[in-house]
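Architecture at a glance
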Amino acid sequence: MEKTLTTRENLLKGIFRENPTLVLLLGCCPTLGVTSSASNAIGMGLATLFVLVMSNLAISLVKNVIPDKVRIPSFIVIIAAFVTVVQLLMEAYTPALFAQLGLFIPLIVVNCIVLGRAEAFASRYSAGASVIDGLGMGLGFTLALLLLGSVREVLGSLSWFGMKLSDSDGMLVFVLAPGAFITLGFIIAIMNGLKKQKS
Amino acid sequence: MEYVILLISTVLINNIVLAKFLGICPFLGVSKSSSTALGMGVAVIFVMTISTVFTWLVYTYLLLPLDLSYLQTVTYILVIAFLVQVVEIVMKKVSPELYQALGVYLPLITTNCTILGVAILVVQNDFNLLKSVVFAIGNSVGFTLAIVIFSSIREQMDMAEGMPAWMKGTPAALITAGILAMAFMGFAGLV
């Protein structure tokens, strides 16, 4: 087990350098699908964060027991179990949010970020490091969703977390489907521009 | 008539990629040339129709009577992964040509969220078997339509000159997808 990352670096890489959504472009479906408002974005981000941390922990604990050949199916079953836990918990305690996010909660199973981290990180490193990795990646995902959700809510309905900023109507297109693609496109373009300036 | 309306609404009005945001990863990833996009699309039509039938049967005749519907997500993903493997093996034996054309896309389909998404939507909407099949065909044809149009636009865009460097690649593709989604919104009053 090589361990070259400090805990701090391990946590921060998910948020900035290897941000799953904005840099690696993984997990695009929930990113676009649930970010019509900032509060939906936070809800989805935290649900994914929970699954990421728990599945990373579980997989790094059982990694030596699982034969290499059935690795991927076993990971998927572990992930699906935690997704079902989140699904049942949210249905019981936050039914309104659950109804809003709808289909995208069970679809965390096929979110490439979760399986990607299981394969690339949790199956190689210790349990502690895997939890930190899951936490960092989950936070990076949540922050990216929050950014996208905030931009779309502010431009689309002139409000933030449901608070009205102005009485006039926003640009409806940003709440609808096309706005999601266009906003994410511009956020990535701006990040590319910033990266070019730095180097 | 009901089925025709369902078909039109899933292909054009509530397009699975451009209105419901499912299957964005293959939509962005496998759309660099229109021939691979078409291959991916056909593979999705094939797998989605079969997997919807099987997941519907499993749900109705296994999970519901045993009161295990909370196992839905786990069961579905296993059924889909299993089916993709079977389709791959059968296709290799029965039609090597088809396998040559679609083979590379098949493993990718397991994590394509359109397949699981449609299987869950069918249950949420209480569709009967025939309606589920029509729904699956409509959605997968919608996926194919969107990805083929999108890839043809991207092919043209690659030849364009004068695009600023920071816009090239993903950002330009996403904004194109946004404009395409806007165009599809025009179908809204169709049915």
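This text gives an overview of the structure that appears in the document. (Residues numbered from 1 in each chain as written. Chains lettered and ligands numbered in written order. Predicted model: local features only at pLDDT ≥ 70, side-chain atom pairs only at ≥ 80, totals over all residues. Heavy atoms only, no water.)

**Regarding the overall build of chain B**
Defined as follows: Secondary structure elements follow DSSP: runs of H or I of four or more residues count as helices, runs of E of two or more count as strands, with numbering from the N terminus. Radius of gyration: C-alpha atoms only; globule rule: 2.2 Å multiplied by the number of residues to the exponent 0.38. Contact criterion: two residues are considered in contact whenever any of their non-hydrogen atoms come within 4.5 Å of each other. Residue-level accessible areas treat just the shown protein chains as cover; the underlying method is Shrake-Rupley with a 1.4 Å probe. Note that His is not counted, nor are the chain ends; the positive residues are Lys and Arg, and the negative ones are Asp and Glu. For charged residues, the charge sits on one atom: NZ in Lys, CZ in Arg, CG in Asp, CD in Glu.
When helices and strands are tallied, chain B shows nine helices and zero strands. Listed by position from the N terminus, the elements making up chain B come as α-α-α-α-α-α-α-α-α. Computed over its C-alpha atoms, the radius of gyration of chain B comes to 18 Å, within 12% of the 16 Å expected for a compact globule of 191 residues. Overall, the C-alpha framework of chain B stretches about 60 × 45 × 30 Å when taken along its three principal axes. Partitioning the intrachain contacts of chain B with sequence separation of at least 6 by distance along the chain shows that 77% fall at a separation of at least 24. Of the roughly 8,800 Å² that chain B leaves accessible, carbon and sulfur atoms contribute 69%. Chain B carries 7 positive and 8 negative side-chain charges, and their two centres are separated by 5 Å.

**Considerations on unusual backbone geometry**
Excluding glycine, residues mostly have negative phi values, and the peptide bonds linking residues are mostly trans. Residues and elements named next belong to chain B. Stated formally: Relative accessible area decides the class of each residue, using a 1.4 Å probe on protein chains only: under 20% of the type maximum gives buried, over 50% gives exposed, and in between gives partly exposed.
Of note in the backbone geometry, Phe21 takes a positive phi value of approximately 60° without being a glycine. Given the relative accessible area of 5%, Phe21 is considered buried. Although it is not a glycine, Asp67 sits at a positive phi angle of roughly 60°.

**Quick notes on the interface of chain A and chain B**
Many analyses report the size of an interface as the accessible area lost when the parts associate. Here is the rule: The term buried area denotes the loss of accessible surface (1.4 Å probe radius) that occurs when two parts are joined, taken as the sum for both partners. A carboxyl oxygen of Asp or Glu within 4 Å of a side-chain nitrogen of Lys or Arg is what we treat as a salt bridge. The term polar contact refers here to a pair of N or O atoms within 3.5 Å; inside protein, the definition further demands a hydrogen-donor-capable atom paired with an acceptor-capable atom, and it admits residues adjacent in sequence only when both atoms are side-chain atoms.
Taken together, the 35 residues of chain A in the interface contact 34 residues of chain B. Summed over both partners, the interface of chain A with chain B buries about 2,900 Å², with 86% contributed by carbon and sulfur atoms. At the boundary of chain A with chain B, the tally comes to zero salt bridges. In this structure, the connection of chain A to chain B is made through one residue pair in polar contact (both at pLDDT 80 or more). Taken together, the elements giving at least two residues each to the side of chain A that touches chain B come down to α2 (28–33), α4 (71–93), α6 (112–122) and α8 (177–198) of chain A.

**A short note on the packing of helix α3 (residues 34–63) of chain B against helix α7 (residues 113–124) of chain B**
All names here are of chain B. Defined as follows: Only the stretch in contact is used when a helix axis is fitted, and all axes are lines through C-alpha atoms; the angle between N-to-C directions ranges over 0 to 180 degrees. Throughout, the term roughly parallel applies to angles under 35 degrees, roughly antiparallel to angles over 145, roughly perpendicular to angles from 65 to 115, and oblique to all others. Less than a right angle of anticlockwise turn of the near helix away from the far helix marks a crossing as left-handed, whereas a clockwise turn marks it as right-handed. Here the nonpolar group is Ala, Val, Leu, Ile, Met, Phe, Trp, Tyr, Cys and Pro; Asp, Glu, Lys and Arg are the charged ones; every other residue, Gly included, is treated as polar.
Direction vectors running N to C along α3 and α7 enclose 40°, while the axes themselves pass 9 Å from each other. Taken together, the axes of α3 and α7 are oblique relative to one another. Crossing geometry of α3 relative to α7 is assigned as right-handed. Where α3 abuts α7, its residues Val44, Val47, Met48, Ser51, Thr52, Thr55, Trp56 and Tyr59 lie against Thr114, Ile115, Val118, Ala119, Val122 and Val123. Residues belonging to the contact of α3 with α7 are distributed by class as follows: 10 nonpolar, four polar and no charged.

**Overview of the nonpolar core**
Among soluble globular proteins, nonpolar side chains are generally buried collectively. The test is simple: Residues belong to a common nonpolar core when they are buried Ala, Val, Leu, Ile, Met, Phe, Trp, Tyr or Cys residues joined through side-chain atoms within 4.5 Å.
With 106 residues, the main nonpolar core has A:Phe181, B:Leu18, B:Ile24, B:Phe27, B:Ile109 and B:Leu116 as its most contacted residues. It is α3(B) that contributes the most residues to this core, 10 residues altogether.

**Examining the environment of B:Val11**
Residue and element names in this part refer to chain B. Within the secondary structure, Val11 sits in helix α1 (residues 2–13). Relative accessible area serves as the criterion here: at 14%, Val11 is assigned to the buried category. Along the backbone, Val11 and Gly142 are 131 residues apart, and their C-alpha atoms lie at a distance of 4.1 Å. Contacts of Val11, omitting those with residues within four sequence positions, involve Gly138, Val141, Gly142, Leu145 and Phe184.

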